[in-house]
Amino acid sequence: MEFAQAAYPTLVYVHLLLFVFWLGADAGVFMLGQEFRRRHKYELPTRLVQLQMLVNLDMVPRTAWALMVPISITISAGGGWWEVPAWMFWGSWVVGAAWLWLVWDAHLHDQMPRAARDRKIEWIFKIGLTLFYLWLGTASLLTGDPIAPTWLAWKALMFGLIFAAAIMIDVAFKPVGPLLGKLIAEGSSDETEVPLLKTMNRTRIWVWIVYLMLFATAYLGNVKPI
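Residues numbered from 1 in each chain as written. Predicted model: local features only at pLDDT ≥ 70, side-chain atom pairs only at ≥ 80, totals over all residues. Heavy atoms only, no water.

Q: Explain the overall build of the protein to me, please; I cannot follow it from the model alone.
A: In terms of helices and strands, the protein carries eight helices and zero strands. From first element to last, N terminus to C terminus, the protein shows the α and β order α-α-α-α-α-α-α-α. Its C-alpha atoms give the protein principal-axis dimensions of roughly 60 × 35 × 35 Å. Of all 226 residues assigned to the protein, the portion counted as buried reaches 42%. Residue pairs at least 24 apart in sequence account for 68% of intrachain contacts in the protein once pairs closer than 6 positions are excluded. Taken as a whole, the protein presents about 12400 Å² of accessible surface, with 71% of it coming from carbon and sulfur. Both charge centroids of the protein, one from 18 positive and one from 16 negative side chains, sit 5 Å from each other. (Helix = DSSP H or I, 4+ residues; strand = E, 2+ residues; numbered from the N terminus. Buried < 20%, exposed > 50% of the residue type's maximum accessible area, 1.4 Å probe, protein only. Contact = heavy atoms within 4.5 Å. Areas by Shrake-Rupley, 256 points an atom, 1.4 Å probe, with all protein chains shown as cover. Lys, Arg positive; Asp, Glu negative; His and termini not counted. Charge placed at Lys NZ, Arg CZ, Asp CG, Glu CD.)

Q: Help me understand the packing of helix α5 (residues 113-143) against helix α6 (residues 150-173), please; the structure alone is not making it clear to me.
A: How two helices pack is summed up by the angle between their axes together with the distance between the axes. Packing of α5 against α6 leaves a shortest axis separation of 8 Å and a crossing angle of 150°. As far as their axial angle goes, α6 and α5 are roughly antiparallel. Judged by the twist between their axes, the crossing of α5 over α6 is left-handed. When its residues are assigned to classes, the contact of α5 with α6 shows 17 nonpolar, six polar and two charged. (Axes fitted to C-alpha atoms, helices over the stretch in contact; angles between N-to-C directions. Parallel < 35°, antiparallel > 145°, perpendicular 65-115°, else oblique. Left-handed = near helix turned anticlockwise from the far one by under 90°. Nonpolar A, V, L, I, M, F, W, Y, C, P; charged D, E, K, R; others polar.)

Q: Looking at this structure, I do not really get the pattern of salt bridges. What am I missing?
A: One pass over the full model with this rule turns up 13 salt bridges. Ionic pairing is found between Arg 114 and Asp 105, a salt bridge with its closest N-O pair at 2.7 Å. Given the relative accessible area of 7%, Asp 105 is considered buried. We note a salt bridge from Lys 182 to Glu 191, for which the minimum N-O separation is 3.8 Å. Glu 191 gets classed as exposed once you look at its relative accessible area, which sits at 54%. One connected set of salt bridges, linked through shared partners, spans Asp 58, Arg 62, Glu 122, Lys 126 and Asp 170. (Salt bridge = Lys/Arg side-chain N within 4 Å of Asp/Glu carboxyl O.)

Shown next as structure tokens:
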């Protein structure tokens, strides 16, 4: 098999791996969060170790998410599903690489002004990409352009909704920082634990929404029912 012939199935394979890493690692994040909530089962130091493991493991789905942007667009072009303009093709790789760098730079310099700056820029990236995929999917479904296959148009729209739900995870999770600081400073009690638990529960609603939409986009991409 020539390189050109192997390129497309290889990209599909990479796309599948990204899905597996995203959802599989996210399941681990979910389970660690579940164990952190069990304040009557673990001492606080143990729970804080679980939380640190959660933060580290969460880098796997965040990495997969960033790489999904250029890989998915490249597959759409390589498979002949969408005539992707050259500027968009190469732009997707620039955006994916920049986003990946921001994610890891913020992680490696956590609690520093540099990380705060990175996350502000990443926020702009995510808002922009959310709007882009929502427009792409909606316009394609209504007009058949720029994406003609209905299943792919729905997949683009679903990806935009995944972006929106993932943004809401970060929004819902934001109060956890101050609440966790209070827990560490004052110790475990109903006063420090209950508000933290309520915030984590609100966050989990958006996590479940992301999971369901990931399953839906995977089904669309593999079965192509419409």
